[in-house]
Structure formats: C-alpha cells, structure tokens
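Spelled out from the first residue to the last, the chains are:
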Amino acid sequence: MEFDSILILTILVVIGALAFDFINGFHDTANAIATSVSTKALTPRKAILLAAVMNFVGAMTFTGVAKTITKDIVDPFTLQNGSVVILAALIAAIAWNLITWYYGIPSSSSHAIIGSIAGAAIAAAGFEALHYSGFLKIIYGLLLSPILAFAVGFVFYHAIKRIFKNANLTKTNNNFRKVQVITAAFQAYSHGTNDAQKAMGIITMALIANGYTDSTDIQLWVQVSCALAMGLGTSVGGWKIIKTVGGKIMKIRPVNGVSADLTGASVILGASVLGIPVSTTHVITSSILGVGASHRLRGVKWGTAKTMLITWCITLPISATLAALSYFVLNLFF
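Remember, it's a predicted structure, so these values are computed and weren't measured experimentally.

Asks: I'd like a rundown of the nonpolar core, residues and numbers included.
Replies: Core analysis: the biggest nonpolar cluster contains 56 residues, and Ile73, Ile117 and Ile202 have the highest contact counts within it. Residue assignment for this core shows that the elements contributing at least two residues are α1 (3–38), α3 (64–72), α4 (82–102), α5 (109–125), α6 (132–163), α7 (169–209), α8 (220–236) and α12 (302–330). Setting aside residues up to four positions removed in sequence, Ile202 forms contacts with Val13, Ala17, Ile69, Ile86, Leu90, Ile113 and Ile117. Counting residues in each nonpolar core, the second largest holds 16 residues, with Ile160, Val255, Ile268 and Val278 among its members.

If you want it as structure tokens, here you go:
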C-alpha cells in the first residue's frame, strides 16, 4: 500500500472516530441527564449544557479505557490490513448507533464498537486475530457491570427508604431535586471517563497500525479532540432516548433519580479507574431498574426493559456482521 493511501486511511479513521464520538455524545446524553430532566431538577437545555461540560472534563481525566481498547481486542502492531479493519468497524458502529437513535432505543455504543472491531478483525484475519484473554475481559465487564448496577441500585434505594421513612415526602423530594443537579453532573463526568476513551483507543490503534507511533500511550491531541467531539455531541442532545430512559422505564421522582445517578456514576467511574470499558447505557438503565424494583416492583415497566434487553443482546452480533461486510467492501478499494 502506498504512503498516500496509508495517510488517507489514517485521516478517514480519525474523522470516523471523532464522528463516532460525536454521535456517541448525543446518543448517550440521555444516560447522564434523563432522570434529572424527568424530575424537573434541570431544564433540558441546562441539563444538556451541564452534561456536555462534565463529559469533556471526564474525558480528559483518564486514559486506561483507551489503552484497553487499543491493545486488548486485537494486536494493533500485527493486525492484518489494520486501517481498513478499523475504518470498517467505525462505519458499522456509527450505522448501528444512528439506527437505534432514530428509533429511540437506548442501545450500547460500547457493544457496537467492540463488536465491530471484533467482526472486522475476524473478516480480515480469522478468529485467531482476536486477543481472547483481553476480549473476554471486556465482555465480562460489559455483562457484569449492569448486574452490579441493578444490585447496587436496589440496595442503595432500600437504604434511602429506611433512612427517610418518617420524613415529609414533599420536602424530601424538593431537597433531593436540588441534590440531583450534583448527581447528574457526577454521572455526566463518569460517562466521559469511559465512553470518550473508546474513540481515543481507536485512533491510537490506527496510528500504531500505520506506523505513526510505536506506543499505546494516548497522545494529547487525540485526548483533546475526542473530549471535544464527545462534549459537542452531548450538546446536541438525544431527545428520543431521553424520553425512553427518563419516563418509559418507571415514574422517576427526585429521590429515585439521585439513587440511580449515584449508583450508575459509581459503577462507571470504578470501571474507568480499572481501565475496563463498560456500557454506560446498560449501567445507567440497570441502575434505574434496580431502584425501581426496590421502590415498587410493579411500578417498573418491564416491557420497555425487555425491548432494551433484546437490543443489547443483538447489538454485538449485528455490529460484528455489519463490520465484516464493511471490511469486504472497503477491501475492494484499499
């Protein structure tokens, strides 16, 4: 492959990764602010602005998840036709994100990009291209984090109920509505620490595969550009998904919202510290489900939860298939 072709592919990957990050921002805005908008703790405009700023700050804080994406799914130093693999993965992940956003389904951007990288790599070099130990670690994190979020949300809200069982309901909810501004900010920050790093890892993969760097360290320009793309995407908002997360799972009150926000943010931030990519969509939605089940089991709209679960289950295989097809098409041109 000629140098010019390598440069063009690298530029396309960078543009694609930033586009994915931007789309991830408006696709996943609902995760951070849906509960605060639902309870009227924040107006939609203020909530989105807060989420955009805190997403940016969070994205500038850690790089562990980015390094995991760079090296734990496939080996970027030996990946056959690496640039085409990465570009195909981005095309597939962006396509699936836009489809689910259009229909208002809070699917996982993390599942989409991880499944897409795996699918494109398998199309290029077979199943032996995968780093199974690292890949399985990521899958375990994706699977276990929503279970943990559900359990923590259930227990946390149960404790809150016991602490405030004799408190005036109206006064308590008004106080929690004020607290929810802080918890929404915390949740947006945690979202940035995990989700924005996935695009950083993808760009770094391309830089390694094309010989522009020999280190898995995340360069500052990569971190800043991805943080900006995530923040700008968040500022656009994702109203359809906000409606689903904020109202179609359960009727959310301020005390529920604070409990769900703190649970989701804590699980996501813990994963970011450990360098484990998780689905913020899964974690936050599971937090709401856990809180809702603890509040009143019959109050949870399990039909909506079932639809989400089905989407979560099909995202990995569908995105992997789309990426494989994208790879075969791109391989005709590069």
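Asks: How would you sum up empty space enclosed by the protein? Please name residues and give values.
Replies: To find leftover empty space, one rolls a probe the size of a water molecule over the atoms. What the rule picks out here adds up to 1 cavity of 30 Å³ or more. In this structure, the largest cavity spans a volume of roughly 30 Å³. Lining the largest cavity are Ile86, Ala89, Leu90, Ile113, Ile117, Ile202 and Met205. Put simply, the parts of the chain that give the lining of the largest cavity at least two residues each are α4, α5 and α7.

Asks: Tell me about the pattern of salt bridges, and name the residues and values.
Replies: On inspection of all chains with the given rule, the structure shows 4 salt bridges. Its salt-bridge partner being Asp195, residue Lys198 comes within 2.6 Å of it at the nearest N-O pair. With Lys198 and Asp195 both in helix α7 and 3 residues apart, the pair spans about one turn of that helix. Judged by relative accessible area, which is 1%, Lys198 ranks as buried. Sharing partners across several salt bridges, the network here consists of Lys71, Asp72 and Lys137.

Asks: An account of the packing of α6 against helix α10 (residues 254–274) is needed here, citing residue identities and associated values.
Replies: A pair of packed helices is captured by two measures, namely the crossing angle of their axes and the spacing between those axes. As a packed pair, α6 and α10 sit with axes 9 Å apart at the nearest point and diverge in direction by 140°. Accordingly, the angle class assigned to the pair α6 and α10 is oblique. The crossing of α6 and α10 is right-handed. Here Ser145, Leu148, Ala149, Val152, Gly153, Phe156, Tyr157 and Ile160 of α6 come into contact with α10, specifically with Val255, Asn256, Ser259, Leu262, Thr263 and Val267.

Conventions and cut-offs
Residues numbered from 1 in each chain as written. Predicted model: local features only at pLDDT ≥ 70, side-chain atom pairs only at ≥ 80, totals over all residues. Heavy atoms only, no water. Core = buried A, V, L, I, M, F, W, Y, C linked by side-chain atoms within 4.5 Å. Buried < 20%, exposed > 50% of the residue type's maximum accessible area, 1.4 Å probe, protein only. Helix = DSSP H or I, 4+ residues; strand = E, 2+ residues; numbered from the N terminus. Contact = heavy atoms within 4.5 Å. 1 Å grid on protein atoms, 1.4 Å probe; cavity = no way out; pocket = protein on both sides within 12 Å on 5 of 7 lines; lining within 4 Å. Points joined across faces, edges and corners; volume = space filled by probe spheres on them. Salt bridge = Lys/Arg side-chain N within 4 Å of Asp/Glu carboxyl O. Axes fitted to C-alpha atoms, helices over the stretch in contact; angles between N-to-C directions. Parallel < 35°, antiparallel > 145°, perpendicular 65-115°, else oblique. Left-handed = near helix turned anticlockwise from the far one by under 90°.

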